[in-house]
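# Observations on chain architecture
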2 protein chains.
Amino acid sequence: MKHTYDYPRPAVTTDCVALRFSAGHLKLVLIQRAHKPFKNAWALPGGFLDMDEDLKTCVCRELEEETGITNVFVEQIKAYGTVDRDPRGRTVSVAFLGLMNPDDSQLDAGDDASDAQWFRIDQLPKLAFDHGQVIKDALALLRTKVRSEPIGFELLPKKFPLRDLQRLYEIILDQSFDKRNFRRRILDLGVLVDVGQVEKNSKHRAAKLYRFDRKKYKQMKKNEVAFKL
Amino acid sequence: MKHTYDYPRPAVTTDCVALRFSAGHLKLVLIQRAHKPFKNAWALPGGFLDMDEDLKTCVCRELEEETGITNVFVEQIKAYGTVDRDPRGRTVSVAFLGLMNPDDSQLDAGDDASDAQWFRIDQLPKLAFDHGQVIKDALALLRTKVRSEPIGFELLPKKFPLRDLQRLYEIILDQSFDKRNFRRRILDLGVLVDVGQVEKNSKHRAAKLYRFDRKKYKQMKKNEVAFKL
DNA sequence: GCAAAAGTGTTTCGGGTACACCCATGT
DNA sequence: ACATGGGTGTACCCGAAACACTTTTGC
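Everything in this summary refers to the structure shown in the same document. The model shown is predicted, which means the values in this text are computed figures rather than measured ones.

## Considering the overall build of chain A
When helices and strands are tallied, chain A shows 5 helices and 10 strands. Within chain A, the fraction of its 229 residues that count as buried is 49%. In chain A, of all internal contacts separated by at least 6 residues, the share reaching a separation of at least 24 is 66%. Element-wise, carbon and sulfur atoms account for 46% of the exposed surface of chain A, whose accessible area totals about 12,300 Å².

## Side note on the interface of chain B and chain A
Taken residue by residue, the interface counts 29 residues in chain B and 29 residues in chain A. Across the chain B to chain A interface the summed buried area is about 2,600 Å²; carbon plus sulfur atoms make up 58%. Considering only the side of chain B, the residues that lose the most area to chain A are Arg9(B), Met51(B) and Arg90(B), jointly responsible for 23% of the buried surface there. Taken together, the connections running from chain B to chain A amount to 2 salt bridges. When the shortest N-O distance is used, the salt bridge between Lys2(A) and Asp6(B) registers 2.6 Å. The element that contributes the greatest number of residues to the side of chain B that touches chain A is strand β6 (residues 73–80) of chain B, accounting for 4 residues. Looking at side-chain class alone, the side of chain B that touches chain A contains 15 nonpolar, 5 polar and 9 charged residues. Inspection of the sheet shows strand β1 (residues 3–5) of chain A paired to strand β1 (residues 3–5) of chain B by 3 bridges, in the antiparallel sense. Looking across to β1(B), one finds that His3(A) is bridged to Tyr5(B).

## Quick notes on the protein's contact with DNA strand D
Around DNA strand D sit 18 residues in total, of which Arg163(A), Lys179(A), Arg183(A), Lys208(A) and Arg205(B) are the nearest. Counted by atom, the contact set of DNA strand D within 4 Å of the protein is 39% sugar and phosphate. Between DNA strand D and Arg184(A) there is a distance of 3.5 Å, counted from a base oxygen to a side-chain nitrogen or oxygen. At a separation of 3.1 Å, a base nitrogen of DNA strand D approaches a polar side-chain atom of Asp178(B). For the surface near DNA strand D, the elements supplying multiple residues, two or more each, are α4 (179–189) of chain A together with α4 (179–189) of chain B.

## A short note on the relation of the copies chain B and chain A
In this arrangement, two copies of a chain are superimposed by a rotation about an axis accompanied by a shift along the axis. After a rotation of 180° and a shift along the axis of 0.0 Å, chain B superposes on chain A with an RMSD of 0.1 Å. Here the copies are linked by what is in effect a two-fold axis. The C-alpha atom lying nearest the rotation axis in chain B is that of Thr4(B); the distance is 2.1 Å. Of all interface residues in chain B, 100% are interface residues in chain A too; the two copies therefore contact each other through one and the same surface.

Conventions used here
- Residues numbered from 1 in each chain as written.
- Chains lettered and ligands numbered in written order.
- Predicted model: local features only at pLDDT ≥ 70, side-chain atom pairs only at ≥ 80, totals over all residues.
- Heavy atoms only, no water.
- Helix = DSSP H or I, 4+ residues; strand = E, 2+ residues; numbered from the N terminus.
- Buried < 20%, exposed > 50% of the residue type's maximum accessible area, 1.4 Å probe, protein only.
- Contact = heavy atoms within 4.5 Å.
- Areas by Shrake-Rupley, 256 points an atom, 1.4 Å probe, with all protein chains shown as cover.
- Buried area = accessible area lost by both parts, 1.4 Å probe.
- Salt bridge = Lys/Arg side-chain N within 4 Å of Asp/Glu carboxyl O.
- Nonpolar A, V, L, I, M, F, W, Y, C, P; charged D, E, K, R; others polar.
- Pairing = 2+ DSSP bridges.
- Near = heavy atom within 4 Å.
- Polar contact = N/O pair within 3.5 Å; in protein donor to acceptor, adjacent residues only side chain to side chain.
- Least-squares fit on C-alpha atoms with pLDDT ≥ 70 in both.

The values are spatial; any link to function lies outside them.
As structure tokens, this is what we get:
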């Protein structure tokens, strides 16, 4: 079936900068292109917007179709629409930052997804289209937001030791924190609760586990207390 | 001439939250709709993306066509694409924040523009589509950016007294600053230069005029000194 | 000469930063 | 018992905030 309009229209797509925190590194999922243009280069997962779905729905659907990943926190970065960004035709792409629990990030070798792979963000391959810029913008957004909103927790399991939270912040912000100061600052915010458990399989003394308490965070916002790291 | 595609495509538009600072208030330009839907409600200037123009080009062109305003600093807010945001059909709109020198903001009664008007942002009329949300997001972006980037100057003439700069910041951030502390902070950044002139037509003692020095700002950034208010 | 706004330094206070040792646990 | 990482308190310093008077100029 064909679709006809009085004026030409660009294609609208979404792309996802899907990040995972594991083994002390931020990792990004990319898909190797099988065809021209940018054959064999790596691209962000993404695809065309359906007429009956919102932008967020689209980016989550495409991410699942191409990588098998579900259950992702997504936040819009911005729209990219330079005239020649896709040599095949005019395309406007809305990019999203996707953050996930490391337990939810097993790649599924779907049909579309046979060439999906995780890359450390400091070891990226040749990228297709303007995806290099999109990734830069995504990381800049992550760095900004992680300081003023509790989005770091989206990259950790429900229960986590403070050490992991500190390492995550250190990796994202590319700076190191004093352990005591970091713990005080985070705990004084009052949005973490001790779940009363400790790590399993610790090689030495096991660390307490905490979880982020969304209700307490909302309360804190209502009281106009800022989340500032 | 008709344009045909294998899959349906949403229309792509841009919208502009164009702000001006005058008489101690932030003002926003809106256009009254003559037709359904949202007949007689007020809407942001904006329109369809042409196939050979970038998003920024589009929003500037539409703003000029509908209001006569040119010479605007524009910065993307985000894309809006919920399924039912325009009852006439699926539309994805990329919204921009537009800031202008108050001298450049005379409204031009063009054909499209006969009903363009400035409104104080705290006295807005009934708005069409999701434009209320877009405006909220625009102001949030302005508040964030004005603290970490020198975009406030886009809302002032080339030469301005420090008093006006302080009033602008106070209006945007909805808080008052101590005059001496404000001046010290701004001047210590080292990005303002005394132009060696004073205000004309002052009713009393005339204030010195300053201008923002973009070169010094770039130098400052290169030295990794932060612009923080 | 007076009304109105411009311009200018110092003190105080609090939050952020620096810093080191004991504890618990697995091997 | 030892190696490894977990967990904890205090002192200092710097930058932000508070604060009031003199100067200039138009009327």
